[in-house]
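Results of the structural survey
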Amino acid sequence: MVKQQKPLSARNQFLFRFMRDKYLHLLVLPAMLYFIIFCYVPMYGLIVAFKDFSFTKGILDSPWVGMKHFEAFFDSIFFFRLIKNTIILSVMTLIFSFPIPIIFALLLNEVKFKKFRNTIQTISYFPHFVSIVIVVGMMHILLSPETGLINAILSVFNIEPIAFMQSSGWFRPLYVLSNIWQSFGWSSIIYLAALSGVQLELYEAAQIDGAGRFKQVLHVSIPAILPIVIILFILQIGGLMEVGYEKILLMYNPGIYEVSDVISTYVYRKSILGGEYSFGTAIGFFNNVINFILIVVVNSISKKVSSVSLW
Amino acid sequence: MLIKKSTGEKIFDIGNMIFLFLVACITVYPMLFILASSLSDYNAILRNEVFVWPVGFTWAGYADVFGDGSIFKAYYNTLWYTFVGTFINLALTLMAAYSLSRKYYMLRSPVTMIIAVTMFFSGGMIPNFLLINELGLYDTRWAMVLPGAVSVFNLIMAREFLSNTIPDELSEAAKIDGANDIHIFFRIVLPLSKPIIAVLALYYGVGHWNAFFNAMIYLKSADYLPLSLYLRRLLVLGTTNFSSGTMMDPLLVNDPTAVIGITQRIKYASIIVTMLPVLISYPFFQKYFAKGVMIGSIKA
């Protein structure tokens, strides 16, 4: 005998599904707690930007001061310099660091010996796993004017020793070069993965149509990685106001603040070292808003032009 | 190949391989130089005679590093942060990834939404710093492992992996046999997730091993400082005083040039000692490197 099942009311249905999934809730709970405590609570903490925070009063009881800290930042003599340094480093990274993994992947994809290809690839990843402290430490060692290898080589050509790490002219090239060294191999993986997915028939068809090696790259390989290139480009532009401040903190010194001081390093000095927490929060908030606007704008442009979108 | 290679193509192929070989050489050279120098005589280092191979081979640099002893505490701390941190990362990420990989899970989209938002908005450096203080985590070991306990990117990667490896039908069939989701997680999901666990452990583990900024702002006591800060003091700030081995040799103490050379060698040796676990596990893990990116890019 089959019993007629009464349709559950909306509320009961919700309860039924909630109870059915109870262990799934339990499994997702620790991660949710993490996101709420360590991501959403700090977002709420942004109200500190509109207050005069002091540790004795705490976040809630510190007095409101409106836009005071934002105005102070906009009026600051460092405002223009920080924005300029941040953008120059980002744009330099975009121009030099972004295309190199693409070119590297395309060249590596042309190599037909699998062993050779894999070896080169494995070697190219390695710097990605070297910590930033070691990277900057090696720069200090290799570029030292007294004992560094580079200056020893330069002296063979009768070039006076250069204090690379103390020179404001060398800061940006060194930042970008070390960035390329550390990331080109690792960043190329995603392109190589896309290239290895291209069917061989496509290349053969292009050959029959009379396409040489260069034309095959142009008309088969590059279209295959283009969507990924666009997505990564959007993300890069979205992070235009975000630079590798951890590395800068290790590389810079007061003598070269002129070219090396960026928004995040300034926030670090002002707030963590200087105790001006509200001021630093306001600057960080401003930076976040710009980042968000950038990524939304670039994404919508990309959607219109190429129909590739992040969401 | 359908069509024979032309001479131009052959030249390109050979030129291309030579070029890539040179790129690889430039990439490894700095590490090779450090390794060779760490095993060389300090006079050879001072005279810039070391290029690829140790000159006047000696272990004295390593004896100096270990003789001083202050590296052990930092080493222990970094090991602690790496193991405990990676364990927390793996537990939280895999559990959440399993729930979110079930298409029938009622909170799948709201939870995914809440998590995805954090990729685009964040409190930033100072609100995070204030939170760590408010929670009483400042200058404790937990400040190194709790912030960043789940990476959104890794969570999405694990979710993609699980929804492909363990289809809804499989977990539903197990439920009909009387298992609940906790059983399924431990008896089915974990045993089938070895590749993704390896990839996640690698990504999270290297992150902990190299972590530097959080240690700098959240830690104060010398007892908790990791290797990254030990190296920063030695390599970047140059404020470490070594009182061991060769440094205390009465013949050398009053020779400033020798001290420079020995200090230099201590720096090289410290770098190698710090990188040793990464260097050793590199060949073991390297087959997983690309895998993670492949899994992650299925979505893209």
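Residues numbered from 1 in each chain as written. Chains lettered and ligands numbered in written order. Predicted model: local features only at pLDDT ≥ 70, side-chain atom pairs only at ≥ 80, totals over all residues.

1. Quick word on the overall build of chain B
To be explicit about the condition: Numbering of helices and strands runs from the N terminus; a helix is a DSSP stretch of H or I covering at least four residues, while a strand is a stretch of E covering at least two. Exposure classification rests on a simple neighbour count of other C-beta atoms within 10 Å of a residue's own: a residue reaching 20 or more is buried, one at 12 or fewer is exposed, and one in between is partly exposed. C-beta atoms are placed from the backbone. For the purpose of contact definition, each residue receives a C-beta atom placed from its backbone, and two residues are in contact when these atoms lie within 7 Å.
Across its full length, chain B holds 14 helices and zero strands. Each helix and strand of chain B, placed in order from N terminus to C terminus, yields the pattern α-α-α-α-α-α-α-α-α-α-α-α-α-α. For chain B, the proportion of its 300 residues judged to be buried stands at 38%. Sequence separation of 24 or more characterises 74% of the internal contacts of chain B that already satisfy a separation of 6 or more.

2. Observations regarding the interface of chain B and chain A
The following threshold applies: For this scheme, ten residues count as nonpolar: Ala, Val, Leu, Ile, Met, Phe, Trp, Tyr, Cys and Pro. Four count as charged, namely Asp, Glu, Lys and Arg, and the remainder, Gly too, count as polar.
Opposite the 73 residues of chain B that make contact, chain A presents 74 residues. Residue classes in the side of chain B that touches chain A are distributed as 52 nonpolar, 16 polar and five charged.

3. Digging into the domain arrangement of chain B
Residue and element names in this part refer to chain B. For clarity, the threshold we go by: Where a domain begins and ends is set by an automatic assignment or by a domain database.
Splitting chain B by domain gives domain 1 (7-69 + 244-297) and domain 2 (70-222). Distance between the C-alpha centres of domain 1 and domain 2: 33 Å. On the side of domain 2, 13 residues touch domain 1, which itself brings 14 residues to the contact. Of all the elements in the fold, those that place two or more residues in the side of domain 1 that touches domain 2 are α3 (60-68) and α14 (256-297). Of all the elements, α14 adds the most residues to the side of domain 1 that touches domain 2, at 10 residues. Across the side of domain 1 that touches domain 2, the residue classes tally to eight nonpolar, four polar and two charged.

4. Here we look at the packing of helix α2 (residues 22-44) of chain A against helix α4 (residues 70-101) of chain B
Filter applied, for reference: Lines are fitted to the C-alpha atoms to define the axes, a helix being fitted only along its stretch in contact, and any angle between axes, read from their N-to-C directions, falls within 0 to 180 degrees. Note that the term roughly parallel is reserved for angles under 35 degrees, roughly antiparallel for angles over 145, roughly perpendicular for angles of 65 to 115, and oblique for everything else. Take the far helix as the reference: if the near one is turned anticlockwise from it by less than a right angle, the crossing is left-handed, and if turned clockwise, right-handed.
Remark: α2(A) packs on α4(B), axes separated minimally by 8 Å, with the N-to-C direction vectors making an angle of 130 degrees. Classified by the interaxial angle, the pair formed by α2(A) and α4(B) is oblique. Pair α2(A) / α4(B) crosses with left-handed handedness. Residue-level contacts link Leu24(A), Leu27(A), Val28(A), Pro30(A), Ala31(A) and Tyr34(A) of α2(A) to Leu92(B), Met95(B), Ala96(B), Tyr98(B), Ser99(B) and Leu100(B) of α4(B). Per-class residue counts for the contact of α2(A) with α4(B) are 11 nonpolar, one polar and no charged.

5. Remarks on helix α6 (residues 99-110) of chain A
Residues and elements named next belong to chain A. Formally: In this scheme, a helix's expected span is set at 1.5 Å multiplied by one less than its residue total. Think of the arc as the fan of directions from the helix axis to the C-beta atoms.
End to end, α6 covers 17 Å across 12 residues, agreeing with the expected 16 Å (1.5 Å per residue, within 8%). Along α6, the residues that are buried comprise Pro101, Phe104, Ala105, Leu108 and Asn109. In a view along the axis of α6, the buried residues occupy a sector of 130 degrees, so they form one face of it. What points out from α6, more than 90 degrees from its buried face, is the exposed set Pro99 and Ile103.

6. Notes on the nonpolar core
What counts is decided by this rule: Under the definition applied here, buried Ala, Val, Leu, Ile, Met, Phe, Trp, Tyr and Cys residues are grouped into a nonpolar core through C-beta atoms within 7 Å.
Judged by nonpolar contacts, the single largest core of 114 residues is most densely connected at Met95(B), Ala96(B) and Ala158(B). Counting residues per element, this core draws most heavily on α4(B), at 11 residues. Here this core gathers at least three residues from each of two domains, domain 1 (7-69 + 244-297) and domain 2 (70-222) of chain B. Each residue touching Met95(B), except ones within four places of it in the same chain, is listed here: Leu27(A), Val28(A), Pro30(A), Ala31(A) and Phe185(B). Counting 13 residues, the second-largest nonpolar core is a separate cluster that includes Ala105(A), Ile189(A), Ile225(A) and Leu20(B).

7. Points about the packing of α6(A) against helix α10 (residues 168-196) of chain A
Residues and elements named next belong to chain A. Two elements in contact, α6 and α10, have axes separated by 7 Å at closest approach and are oriented at 55 degrees. For the element pair α6 / α10, the angle class is oblique. Relative to α10, α6 is oriented so that their crossing is right-handed. Of the residues in α10, those touching α6 at Ile100, Pro101, Ile102, Phe104, Ala105, Leu108 and Asn109 are Ile180, Phe184, Ser187, Ser188, Tyr191, Leu192 and Leu195. For the contact of α6 with α10, the class distribution of residues is 11 nonpolar, three polar and no charged.

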